[in-house]
Amino acid sequence: MPTRPLRSAALATVLTVLSTMLLLGVTSSAPAAAGWTSDTTIHDAKLQVCRTTVKGTAYLRLRLDNRAGKHAHRGGVYRRTGGATSREVRAAAGRISAVKKIKITKNARFDTYVGEIDGGAAGGLIGSYGRC
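I will try to describe carefully the structure that is included in this document. Not measured: the values here are computed from a predicted model.

Focus: the nonpolar core
Of all hydrophobic cores here, the largest spans 16 residues; its most connected members are Leu47, Leu60, Leu64, Val77 and Phe110. At four residues, strand β3 (residues 57-66) tops the list of elements feeding residues into this core. Residues in contact with Phe110, not counting those within four places in the same chain, are Leu60, Val77, Tyr78, Arg79, Ile102, Lys103, Ile104, Gly124, Leu125 and Ile126.

Okay, structure coming up:
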């Protein structure tokens, strides 16, 4: 029959392995795994969108992936139909912005833009997007 110190060592080993597995599982399931679709790009900054549903309501999520950018950028989505509204995100060089969402209304039409923080921007119309 194992002695008490041997049981304690075995229990400590099992707990360490389980903790490591849990930590790796949590850190490897980053939001980057979502179905982001790159829509509008300028100077290596990409506005990315995907569709999600929260409590039965559809939303378009957006973020600005500026990891390859050499300076800060801004980007956004403008809903032209179904109640005009917009959301804007900003990202420093080498960073990804926070994620914002905009409600998808019936027959909604969305325009996008990416540009300099204090200057002009390039835009486009969202064609299709993946699910988050």
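Here's the deal with the environment of His73
One can find His73 in strand β4 (residues 73-79). Given the relative accessible area of 0%, His73 is considered buried. Taking the C-alpha atoms as reference points, His73 and Ala91, separated by 18 residues in sequence, lie 5.7 Å from one another. Beyond its immediate chain neighbours, meaning those up to four positions away, His73 contacts Ile42, His43, Ala45, Leu64, Asn66, Val89, Arg90, Ala91, Gly115, Glu116 and Ile117. Polar side-chain contacts of His73 include one of 3.3 Å to the side chain of Asn66.

As for the packing of aromatic side chains
Per the counting criterion, the structure on display carries zero aromatic pairs. Positioned above the aromatic ring of Tyr59 is the side chain of Lys101, whose terminal nitrogen or guanidinium carbon lies 4.5 Å from the ring centre.

What about the environment of Lys106?
Along the chain, the position of Lys106 falls in the loop between β7 (100-103) and β8 (110-116). On a C-alpha basis, the gap between Lys106 and Ala58 in space is 9.8 Å, while along the polypeptide they are 48 residues apart.

Section: the pairing of β8
Counting buried positions over the seven residues of β8 gives six, a clear majority of the element. Sheet topology note: the β8/strand β9 (residues 121-125) ladder contains five bridges and is antiparallel. From the neighbouring strand, Val114 faces β9, where its bridge partner is Ala122. As consecutive antiparallel partners, β8 and β9 are separated by four residues.

Quick word on the state of the cysteines
The tally for this structure, following the rule as stated, stands at one disulfide. The disulfide partner of Cys50 is Cys132, and the S-S distance across this bridge is 1.7 Å. The sign of the 95 degrees torsion about the S-S bond sets the Cys50-Cys132 disulfide as right-handed. Here the residue Cys50 occupies a position in strand β2 (residues 45-54), and Cys132 occupies one in the segment after β10 (130-131), the gap between them amounting to 82 residues. We classify Cys50 as buried; its relative accessible area is 0%.

Quick word on the pairing of β3
Judged by how many residues are buried, β3 sits mostly within the fold: eight of ten residues are covered. Of the strand pairs in this sheet, β2 and β3 are connected by nine bridges, and their pairing is antiparallel. Bridging across to β3, Gln48 finds its partner in Arg63. The hairpin formed by β2 and β3 contains two residues between the paired strands, and Lys55 there has a positive phi angle of roughly 50 degrees. In terms of strand pairing, β3 meets β7 through four bridges, oriented antiparallel. Looking at β7, one finds that Leu62 is bridged to Lys100.

Reading the values: rules and limits
Residues numbered from 1 in each chain as written. Predicted model: local features only at pLDDT ≥ 70, side-chain atom pairs only at ≥ 80, totals over all residues. Heavy atoms only, no water. Core = buried A, V, L, I, M, F, W, Y, C linked by side-chain atoms within 4.5 Å. Buried < 20%, exposed > 50% of the residue type's maximum accessible area, 1.4 Å probe, protein only. Helix = DSSP H or I, 4+ residues; strand = E, 2+ residues; numbered from the N terminus. Contact = heavy atoms within 4.5 Å. Polar contact = N/O pair within 3.5 Å; in protein donor to acceptor, adjacent residues only side chain to side chain. Phe/Tyr/Trp six-rings, centres within 6.5 Å; stacked < 30°, edge-to-face > 60°. Lys NZ or Arg CZ within 6 Å of the ring centre and 35° of its normal. Pairing = 2+ DSSP bridges. Disulfide = S-S within 2.5 Å.

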